[in-house]
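Structural description and commentary
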Amino acid sequence: FPSHDRVVRICRVIKHLAMIMDGNRRWAKKNKLAYATGYSEGGFGAAKRAAEFCIESGIPYLSLYTFSLENFKRPQHEQDLLFNCIKNDGLRYLPFFQKECIKVRFIGDRAQFPESVLPVIQHLEKETERNDRLQVNLLFCYGARQELVCSIKQLLHKIKSGFLSEDQISEESLEQCLWTSGIPQPELIIRTSGAQRLSNFLLYQAAYSEFFFLDCLWPEITKEDLHRAVNGYLDVQRNFGV
């Protein structure tokens, strides 16, 4: 466990850690395992380590890029593998969420959520809604560009309905329409697998985020990797343009 002073320092400056979980399929292939194992034993195991790290470090929000809207272009059998993992592992990890007082939220275009997964999503959100130690946001059927388009449509609807005038449009009114409304913007975004891009992830929210790219595949990530990323963040002097 990190020292008390270090936990205090981390939780003062990092409220929200976001992660792009890249490399599940490559990890499974490298280890001659089925893709389902990469998503389940690898991907969800790594997500559990990330949640434990946040709890140990006093970070109250963790966002994980679980399934993008672009991922619907993948073969149906690969989509089904991930959906089945969410159904099976979501329930399997529920005791862990309850024990550690973790609130689970699914964030994305809920109109696109597959019907086969909806009962589990609703169950997990309902069963954990009172937990307040760590909020884990699973960005599912998510795309940042699509989120912005949806938010703009909401603003236009409010203007048409007379609830908002053009002069009242602001960053705050836009943020209230985002799927991530009510969640602080991430101070640190980590991506695994060596790729150095956002892939349509939290484009608006990442305006002042720091980025840390790891060469390891997502199932290989360790708490030591996370400590290294956070230490790198703590060494950065952030001035927000001043």
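Above this text sits the structure in question.
Residues numbered from 1 in each chain as written. Predicted model: local features only at pLDDT ≥ 70, side-chain atom pairs only at ≥ 80, totals over all residues. Heavy atoms only, no water.

Okay, the sheet that holds strand β3 (residues 102-107) next. Taking strand neighbours across the sheet as the criterion, the six strands line up as β3-β4-β2-β1-β5-β6 in an open arrangement whose pairing is parallel. Only two strands of the sheet have a single neighbouring strand rather than two, namely β3 and β6 (210-213). Recorded for the sheet is a direction-independent mean angle of 20° between the axes of neighbouring strands. Note that strand β1 (residues 16-20) and strand β5 (residues 188-191) share four bridges and pair parallel. Bridge pairing in β5 links Ala 18 to Ile 189. Along the sheet face, helix α6 (residues 118-128) touches β3 and β4 (134-142) and points at about 145° away from the line of β3. (Pairing = 2+ DSSP bridges. Helix = DSSP H or I, 4+ residues; strand = E, 2+ residues; numbered from the N terminus. Axes fitted to C-alpha atoms, helices over the stretch in contact; angles between N-to-C directions. Contact = heavy atoms within 4.5 Å.)

Another aspect to go through is the side chain of Asn 200. By secondary structure assignment, the location of Asn 200 is in the loop between β5 and β6. Among the polar contacts made by the side chain of Asn 200, one reaches the side chain of Glu 70 at a distance of 2.9 Å. Once you skip the residues sitting within four places of it in the chain, Asn 200 turns out to touch Tyr 65, Glu 70, Tyr 142, Gly 143, Ala 144, Arg 145 and Gln 146. (Polar contact = N/O pair within 3.5 Å; in protein donor to acceptor, adjacent residues only side chain to side chain.)

A separate point is unusual backbone geometry. Phi is mostly negative for residues that are not glycine, and the peptide bonds are mostly trans. With a phi close to 60°, Cys 101 is a non-glycine residue in the positive phi region. If you trace the backbone, Cys 101 turns up in the loop between α5 (94-99) and β3. In this structure Cys 101 comes out as partly exposed when scored by relative accessible area, which is 23%. Phi at Ser 193 is positive, roughly 85°, even though this residue is not glycine. Secondary-structure assignment places Ser 193 in the loop between β5 and β6. Ser 193 gets classed as buried once you look at its relative accessible area, which sits at 12%. (Buried < 20%, exposed > 50% of the residue type's maximum accessible area, 1.4 Å probe, protein only.)

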